Amino acid sequence: MTDRIPPSPQLRETGVMAILRARSADRFGDIGRTLVDAGITCLEITLTSPGALDAIRELRKTLPGSVDIGAGTVVDAEQARAVVEAGAGFVVSPSVEPDVIAAARAAGIPAYPGALTPTEVLTAWRAGATVVKLFPGSAVGPSYITALRGPFPDIAIMPTGGVSLDNIGDWIRAGASGVGLGGPLLGDAADGGDLGALADRAARALAAVRDARAGA
């Protein structure tokens, strides 16, 4: 596909997509500001978090325009259109959903579908994925990306699920274009936890990507 929509500069440069998933989106504003101040500027708001659409709208209003805000757990075209209307700049799915990819492409925004097997990875890429989300990464491990890049050297892959602050470097060195970080990054922040600790975790994640890319 020659007209593939590229990933945002925010994701390319930092290599980290923060995944905001919680029992309530009430604190996503504070979390988003903390992450952005720490340097993470690509935020995924999952639709399984009650209040997700309102959170996307609010973050789009309150955060700088340079911040990339998208929606996660988008599983059908209707949801894709709804999040685009709310201001999402990308869509993430847990599986390969051609209708979601098509809706994202029609809106001119990146699509990050989830895939695990080689067949799913190639299907997602041929459907127009910007980056293929390897999910769940915990089922395979970093060496799986190295194996996939043998037959698929041009497919950009980003693991989520199974990525921790301690193994980010392993994933990047294995060939990941970036990582999706949820629970290990957010910790208890959505439940009233220390935002200073969240900022420290964000800085640690960014440093891990930088060091791995630099060969450290």
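Thresholds, definitions, all that
Residues numbered from 1 in each chain as written. Predicted model: local features only at pLDDT ≥ 70, side-chain atom pairs only at ≥ 80, totals over all residues. Heavy atoms only, no water. Helix = DSSP H or I, 4+ residues; strand = E, 2+ residues; numbered from the N terminus. Pairing = 2+ DSSP bridges. Core = buried A, V, L, I, M, F, W, Y, C linked by side-chain atoms within 4.5 Å. Buried < 20%, exposed > 50% of the residue type's maximum accessible area, 1.4 Å probe, protein only. Contact = heavy atoms within 4.5 Å. Phe/Tyr/Trp six-rings, centres within 6.5 Å; stacked < 30°, edge-to-face > 60°. Salt bridge = Lys/Arg side-chain N within 4 Å of Asp/Glu carboxyl O.

1. Structural notes on unusual backbone geometry
- Residue Pro136 follows Phe135 across a cis peptide bond; omega there is -5°.
- Tracing the backbone through its elements, the reader meets Pro136 in the loop between β7 (132–134) and α7 (142–148).
- At Thr73, a position not held by glycine, the phi torsion is positive, near 55°.
- Within the element layout of this structure, Thr73 appears in the loop between β3 (68–72) and α4 (77–86).

2. Quick look at the sheet that holds β7
- Reading across from one edge, β6-β7-β8 is the order of the three strands in this open sheet, with parallel pairing throughout. Both edges of this open sheet fall to β6 (114–115) and β8 (157–159), since each of them pairs with a single strand only.
- The pairing of β7 with β8 spans three bridges and is classified as parallel. When the sheet's bridge partners are listed, Lys133 is paired in β8 with Met158.

3. Quick word on the nonpolar core
- Residues Leu35, Ile40, Ile45, Ile168, Leu181 and Leu185 are the most contacted members of the largest nonpolar core, which totals 64 residues.
- With seven residues, helix α10 (residues 195–213) is the largest single contributor of residues to this core.
- If near-sequence neighbours (up to four positions away) are discounted, Ile40 is found in contact with Val16, Ala18, Leu35, Leu185, Ala202 and Leu206.
- Listed in part, the eight residues of the second largest apolar core include Leu11, Cys42, Phe90 and Met158.

4. Section: the packing of aromatic side chains
- As enumerated under the stated definition, the model contains one aromatic pair in all.
- Residues Phe90 and Tyr112 carry aromatic rings whose centres are separated by 5.5 Å and whose planes lie at 75° to one another, so their mutual orientation is edge-to-face. Of this pair, Phe90 sits in the loop between α4 and β4 (91–92) while Tyr112 sits in strand β5 (residues 111–112), and the two are 22 residues apart along the sequence. Each member of the pair, Phe90 as well as Tyr112, is classed as buried.

5. Notes on the pattern of salt bridges
- Counted according to the given criterion, the structure contains six salt bridges.
- A salt bridge links Arg23 to Asp191; the nearest nitrogen and oxygen atoms lie 3.0 Å apart. Of the two residues, Arg23 sits in the loop between β1 (16–20) and α2 (28–38) while Asp191 sits in the loop between α9 (183–186) and α10, which places them 168 residues apart along the sequence. In this pair, the class of Arg23 matches that of Asp191, namely exposed.
- One salt bridge connects Asp170 with Arg173, and the closest N-O pair in it is separated by 3.1 Å. Linking Asp170 with Arg173, this pair stays in helix α8 (residues 168–174), spanning three residues, or about one helical turn.
- The class of Asp170 is partly exposed, set by a relative accessible area of 37%.

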